[in-house]
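Structural overview for review
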Amino acid sequence: MRTSAPFEDVVGLPVGGLTAYNMLRRAGLSPGERVAVVGATGNVGVFAVQLAKLFGAYIVAVTRRADKFASVLKGLGADEVLTPHEASRAGGFDVVVDPVGAGTWELSFSMLARGGRYVTAGALTE
């Protein structure tokens, strides 16, 4: 599976989709890797779940609203949906995608496996 697409394949994506795509591409995502998507119910997070599934990853969607959106996120490609508290105990992720920023850095870094990769789109929270 290729991890980058020609411009023509992604040009129609909105900014949230392009942001998620670039985050996953920068992370060097490979098929079969475990990926945690923090803020999975946000714009970039929803796209990250879908695109990571297309890349062939095992996806854990992390959201404070896991009880409300678990079925939706699983329908979009998430293999598991966890609250931040549950995710902090899961750990061992090859890649943590964090479009939220400073407010979730501690959580995100606690979930990384040794040698794991962290990607963010900036600091949207304090």
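Here the structure is a predicted model, which is why all the values come from computation and not from measurement.

**Section: the pattern of salt bridges**
Using the criterion set out here, one finds 2 salt bridges in the structure. Taking the shortest distance from any N to any O, the salt bridge between Arg117 and Glu33 comes out at 2.8 Å. You can see Arg117 sitting in strand E5 (residues 112-120) and its partner Glu33 sitting in the loop between helix H2 (15-27) and strand E1 (34-38), a full 84 residues away along the chain. Taking relative accessible area as the criterion, Arg117 reaches 26% and is therefore assigned partly exposed.

**A word on the packing of aromatic side chains**
A complete count under the given rule lists 2 aromatic pairs for this structure. Measuring from centroid to centroid gives 4.5 Å for Phe109 and Tyr118, while their planes differ by 35 degrees, and the two rings are tilted. Over the face of the ring belonging to Phe93 we find Arg34, whose NZ or CZ atom lies 4.2 Å from the ring centre.

**Remarks on the confidence of the model for the protein**
Taken residue by residue, the protein gives an average pLDDT of 89. The fraction at 70 or more is 87%. Looking across the protein, the model is least confident in helix H1 (residues 7-10), with a mean pLDDT of 64, and most confident in strand E2 (residues 58-62), with 98.

**Thoughts on the packing of H2 against helix H3 (residues 43-54)**
Viewed as axis vectors pointing N to C, H2 and H3 meet at an angle of 55 degrees, and their least axial separation amounts to 8 Å. With respect to their mutual orientation, H2 and H3 come out oblique. With respect to the hand of their crossing, H2 and H3 are arranged in right-handed fashion. Packed against H2, whose contacting residues are Gly16, Gly17, Thr19, Ala20, Tyr21, Met23 and Leu24, the element H3 presents Asn43, Val44, Phe47, Ala48, Leu51 and Ala52 at the interface.

Quick notes on the rules
Residues numbered from 1 in each chain as written. Predicted model: local features only at pLDDT ≥ 70, side-chain atom pairs only at ≥ 80, totals over all residues. Heavy atoms only, no water. Salt bridge = Lys/Arg side-chain N within 4 Å of Asp/Glu carboxyl O. Helix = DSSP H or I, 4+ residues; strand = E, 2+ residues; numbered from the N terminus. Buried < 20%, exposed > 50% of the residue type's maximum accessible area, 1.4 Å probe, protein only. Phe/Tyr/Trp six-rings, centres within 6.5 Å; stacked < 30°, edge-to-face > 60°. Lys NZ or Arg CZ within 6 Å of the ring centre and 35° of its normal. pLDDT = per-residue confidence, 0-100. Axes fitted to C-alpha atoms, helices over the stretch in contact; angles between N-to-C directions. Parallel < 35°, antiparallel > 145°, perpendicular 65-115°, else oblique. Left-handed = near helix turned anticlockwise from the far one by under 90°. Contact = heavy atoms within 4.5 Å.

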